[in-house]
Amino acid sequence: MLIQKLPTYFSIRNYWNQLPDFSLSHILLRIPLALLFINQGLSKFPFDPAVGQGMGIPALVWWFVCYGEVAAGLGLLAGGLGTIPKIRDIAFLAVLGDLVTRFSGIVMCCVVTGIIWTVLKPESLLTFILTDYMHFSLWAGGLYFGLRGNWAVAVKKNHDIAQ
């Protein structure tokens, strides 16, 4: 009864329509995550297989870690270009940016998962989450971009479906 007596400006639809839309909010997560991965990758250069072997990682896997961190960070930044309004209007570039973002996020998850399993070796998942927030945050950020991609492309797809 109370809901029926409220004026129409209290409806949920009007509430969501009144909130400001900051369409580039993913940049606040994308840039620091990408720079952190690029920084971590560059700190491993020049490539030295002995460093990886010191942590029990084979040379080929260490090579993929070194170059994968840099490439994933650069890919996350490059994929974000597909969210710029003039670029996302070009369907091919928008989809390409989305694919690069998703692939970079998956690579980030793979690299951090490898670090967790081979180097950190936590006792349990709960111990890992509570004590190593940095690697957990890097993994969660990679997972976010791997699953979500560029939200601008998703909004465009939803808009196209609605019409």
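See the structure printed just above.
Residues numbered from 1 in each chain as written. Predicted model: local features only at pLDDT ≥ 70, side-chain atom pairs only at ≥ 80, totals over all residues. Heavy atoms only, no water.

(A) Spotlight on the packing of aromatic side chains. Under the criterion given, the structure shown has six aromatic pairs. On the numbers, 4.8 Å between centres and 70° between planes, the contact of Phe 45 with Tyr 67 is edge-to-face. With Phe 45 in the loop between α3 (27-42) and α4 (49-54) and Tyr 67 in helix α5 (residues 59-80), this pair connects stretches of sequence that are 22 residues apart. Residue classification places Tyr 67 among the partly exposed positions, given a relative accessible area of 37%. Judged by centre distance (6.2 Å) and plane angle (75°), the ring pair of Phe 128 and Phe 136 falls under edge-to-face. Exposure remark for Phe 136: the relative accessible area of 28% places this residue in the partly exposed category. Members of the aromatic cluster, each reached through a chain of ring pairs, are Phe 45, Trp 63, Phe 64 and Tyr 67. (Phe/Tyr/Trp six-rings, centres within 6.5 Å; stacked < 30°, edge-to-face > 60°. Helix = DSSP H or I, 4+ residues; strand = E, 2+ residues; numbered from the N terminus. Buried < 20%, exposed > 50% of the residue type's maximum accessible area, 1.4 Å probe, protein only.)

(B) Up close: the nonpolar core. The biggest cluster of nonpolar side chains holds 18 residues, and the ones touching the most others in it are Leu 33, Phe 37, Leu 76 and Met 108. Those elements that place two or more of their residues in this core are α3, α5, α7 (91-120) and α9 (133-148). Ranked by residue count, the leading element in this core is α7, at six residues. Residues contacting Met 108, with those up to four places away along its chain left out, are Leu 33, Phe 37, Ala 72, Gly 73, Leu 76 and Gly 142. (Core = buried A, V, L, I, M, F, W, Y, C linked by side-chain atoms within 4.5 Å. Contact = heavy atoms within 4.5 Å.)

(C) Examining the pattern of salt bridges more closely. Per the stated rule, a full pass over the model turns up two salt bridges. Between Lys 44 and Glu 69 there is a salt bridge, with its nearest N and O atoms 3.0 Å apart. Taken together, the positions of Lys 44 in the loop between α3 and α4 and Glu 69 in helix α5 put the pair 25 residues apart, joining distant regions of the chain. Of the two residues, Lys 44 and Glu 69, both sit in the buried class. Among the salt bridges present, the one from Asp 98 reaches Arg 102, with a minimum N-O distance of 2.9 Å. Placement of both Asp 98 and Arg 102 in helix α7 is noted, with a separation of four residues, approximately one turn of the helix. (Salt bridge = Lys/Arg side-chain N within 4 Å of Asp/Glu carboxyl O.)

(D) Representation of the layout of surface pockets. Of the pockets and cavities examined, the largest pocket occupies roughly 440 Å³. Lining the largest pocket we find 24 residues, and of these Val 65, Glu 69, Val 111, Gly 114 and Ile 115 sit closest to its centre. At the level of elements, α3, α5, α7 and α9 are the ones that each hand at least two residues to the lining of the largest pocket. For the lining of the largest pocket, the element with the most residues is α7, which contributes eight residues. Class assignment of the residues belonging to the lining of the largest pocket gives a composition of 17 nonpolar, five polar and two charged. As for the second largest pocket, its lining consists of Thr 113, Ile 116, Trp 117, Pro 122, Ser 124, Leu 125, Phe 128, Ile 129, Phe 136 and Trp 139. Every element with two or more residues in the lining of the second largest pocket is listed here: α7, α8 (125-131) and α9. Here the residues of the lining of the second largest pocket sort into eight nonpolar, two polar and no charged. (1 Å grid on protein atoms, 1.4 Å probe; cavity = no way out; pocket = protein on both sides within 12 Å on 5 of 7 lines; lining within 4 Å. Points joined across faces, edges and corners; volume = space filled by probe spheres on them. Nonpolar A, V, L, I, M, F, W, Y, C, P; charged D, E, K, R; others polar.)

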